[in-house]
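Chain residues, written in single-letter form:
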Amino acid sequence: ADSGDPDVELPTARHPPEGLEQLLARTKFTKAELQSLYRGFKNECPSGLVDEETFTLIYSRFFPHGDASSYAHFLFDAFDADRNGALCFQDFAVGLSVLLRGTEQQKLRWTFDLYDVNKDGYVSKEVTLGDSGGGGVGTGGRGAASALCPPQDMLEIMKSIYAMMGQPAPGHSAPAQHVELFFQKMDRNGDGVVTFEEFLATCQE
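Residues numbered from 1 in each chain as written. Predicted model: local features only at pLDDT ≥ 70, side-chain atom pairs only at ≥ 80, totals over all residues. Heavy atoms only, no water.

## Some thoughts on the UniProt feature "domain: EF-hand" (unreviewed entry) in the chain
Spelled out, the test is: UniProt positions are given in the numbering used here, feature names are shortened, and annotations may be inferred rather than shown by experiment. Secondary structure elements are taken from DSSP: a helix is a run of H or I of four residues or more, a strand is a run of E of two residues or more, and numbering for both begins at the N terminus.
Under the present numbering, the feature "domain: EF-hand" (unreviewed entry) in UniProt falls on residues 67-102 and 174-205. Helix makes up 67% of residues 67-102 and strand 8%. Its end C-alpha atoms lie 29 Å apart. The span residues 174-205 is 66% helix and 6% strand, and its two end C-alpha atoms sit 25 Å from each other.

## Focus: the side chain of Ser47
Using the following cut-off: Side-chain atoms alone can form a polar contact between residues adjacent in sequence; in general such a contact is a pair of N or O atoms within 3.5 Å, and within protein one must be able to donate a hydrogen while the other accepts it.
Position of Ser47 among the secondary structure elements: in the loop between α2 (31-44) and β1 (49-51). A polar side-chain atom of Ser47 sits 3.1 Å from the main-chain carbonyl oxygen of Leu49.

## Looking at unusual backbone geometry
Put simply, the test is: Exposure is judged per residue with a 1.4 Å probe applied to protein chains only, and the accessible area is read against the type maximum: over 50% gives exposed, under 20% gives buried, and values in between give partly exposed.
A positive phi angle, close to 55°, is found at Arg83, a residue other than glycine. The exposure class of Arg83 is partly exposed, given its relative accessible area of 47%. We note that Lys119 has phi near 55°; this positive angle belongs to a residue other than glycine. Judged by relative accessible area, which is 29%, Lys119 ranks as partly exposed.

## Section: the nonpolar core
Counted only if it meets this: The term nonpolar core refers to a set of buried residues drawn from Ala, Val, Leu, Ile, Met, Phe, Trp, Tyr and Cys, joined through side-chain atoms within 4.5 Å. Residue ranges for the domains originate in an automatic or database domain assignment. In this analysis, two residues are considered to be in contact whenever any of their non-hydrogen atoms come within 4.5 Å of each other.
Counting residues in each nonpolar core, the largest one holds 42 residues, and the members touching the most others are Phe55, Leu75, Val123, Met154, Phe182, Val194 and Phe199. Elements that contribute at least two residues to this core include exactly α2, α3 (52-60), α4 (69-79), α5 (89-101), α6 (104-115), α8 (153-164), α9 (173-186) and α10 (196-203). Sorting elements by how many residues they give to this core places α4 first, with seven residues. Of the domains in this structure, domain 1 (20-102) and domain 2 (103-126 + 150-204) are the two that each give at least three residues to this core. Excluding residues that lie within four positions of it along the chain, Phe55 makes contacts with Val50, Ala72, Leu75, Phe76, Phe79 and Leu87.

## Some remarks on the packing of α9 against α10
Note the threshold: Angular values range over 0 to 180 degrees, each being the angle between N-to-C directions of two axes fitted as lines to C-alpha atoms, with helices fitted over their stretch in contact. Angles are sorted into four bins: roughly parallel if under 35 degrees, roughly antiparallel if over 145, roughly perpendicular if 65 to 115, and oblique for all others. Under this grouping Gly is polar, as are all residues other than the nonpolar Ala, Val, Leu, Ile, Met, Phe, Trp, Tyr, Cys and Pro and the charged Asp, Glu, Lys and Arg.
Between α9 and α10, the least distance of the axes is 9 Å, while the angle of their chain directions is 90°. When the axis of α9 is compared with that of α10, the two are roughly perpendicular. Residue-level inspection shows Phe182, Lys185 and Met186 of α9 in contact with α10, the latter providing Glu198, Phe199, Thr202 and Cys203. In the contact of α9 with α10, the residues fall into four nonpolar, one polar and two charged.

## Overview of the environment of Leu23
Examined against the element boundaries, Leu23 turns out to sit in helix α1 (residues 20-26). Separated by 67 residues in sequence, Leu23 and Gln90 have C-alpha atoms that sit 7.1 Å apart.

## A look at the side chain of Thr27
Structurally, the position occupied by Thr27 is in the loop between α1 and α2. There is a polar contact of 2.7 Å between the side chain of Thr27 and the backbone oxygen of Leu23. Aside from chain neighbours lying at most four places away, what touches Thr27 is Leu34, Ala93, Val94 and Ser97.

## Quick notes on the packing of aromatic side chains
Where we set the bar: Stacked, tilted and edge-to-face pairs are distinguished by plane angle, under 30 degrees for stacked and over 60 for edge-to-face with tilted covering the rest, among Phe, Tyr and Trp rings (Trp via its six-membered ring) whose centres lie within 6.5 Å.
Counted by the stated rule, this structure contains 17 aromatic pairs. Relative to Phe89, the ring of Phe41 lies with its centre 5.5 Å away and its plane at 65°, an arrangement referred to as edge-to-face. With Phe41 in helix α2 and Phe89 in helix α5, the pair connects residues that are 48 residues apart, well separated along the chain. Phe41 sits in the buried class, given a relative accessible area of 7%. Both rings, one in Phe79 and one in Trp110, keep their centres 5.4 Å apart while their planes meet at 70°; by these two values the pair is edge-to-face. Highlighted residues: Phe79 in helix α4 and Trp110 in helix α6, separated in sequence by 31 residues.

Next comes the structure, spelled out in structure tokens:
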């Protein structure tokens with residue numbers, strides 16, 4: 001059944017999906033729905049893998065009047081559950097199942113992970129200067145960095161949404177205002193980061 005990709009160049013590109021039974025167990029799709037999704041996936045991505053560039057091209061079709069590339073990057077990371085830089089069919093099917101048919105908590109967890117740009121378990125309000133070589137960034141530098149720099153995780157997401165919708169905000173003031181409102185509502189203990197527990201509790205109120 002998987003003999004239609006004889007000329008794929010990369011040896012890792014031919015990526016057969018995991019068994020149908022496994023996907024039926026991991027998702028809330030029916031057998032017919034999974035088969036239909038797979039046909040569409042293979043039509044767009046004959047190799048069985050989608051890199052970020054291809055994902056961005058496909059996603060951008062839905063937003064012809066804006067620049068969806070930045071938001072597509074965050075979305076790609078959210079779908080790429082194993083963080084290997086490529087989406088296989090099971091990444092796509094499992095993520096889509098959560099978004100379409102997951103429980104409220106599963107959907108909120110997925111959304112939180114999308115907002116958590118650097119995947120440290122928090123949605124950050126302070127600037128993140130990277131994990132490597134950042135010895136000087138600690139108790140002494142955090143207050144100054146926070147005072148000088150706008151919220152980072154959420155600001156980048158918000159700016160990408162404005163760009164995708166074709167609504168560039170002069171001076172980025174509107175995205176920044178949205179971020180401030182987000183933290184006023186979500187950051188219950190005022191420590192400058194939002195945990196999943198805070199995010200969940202606020203969304204479920």
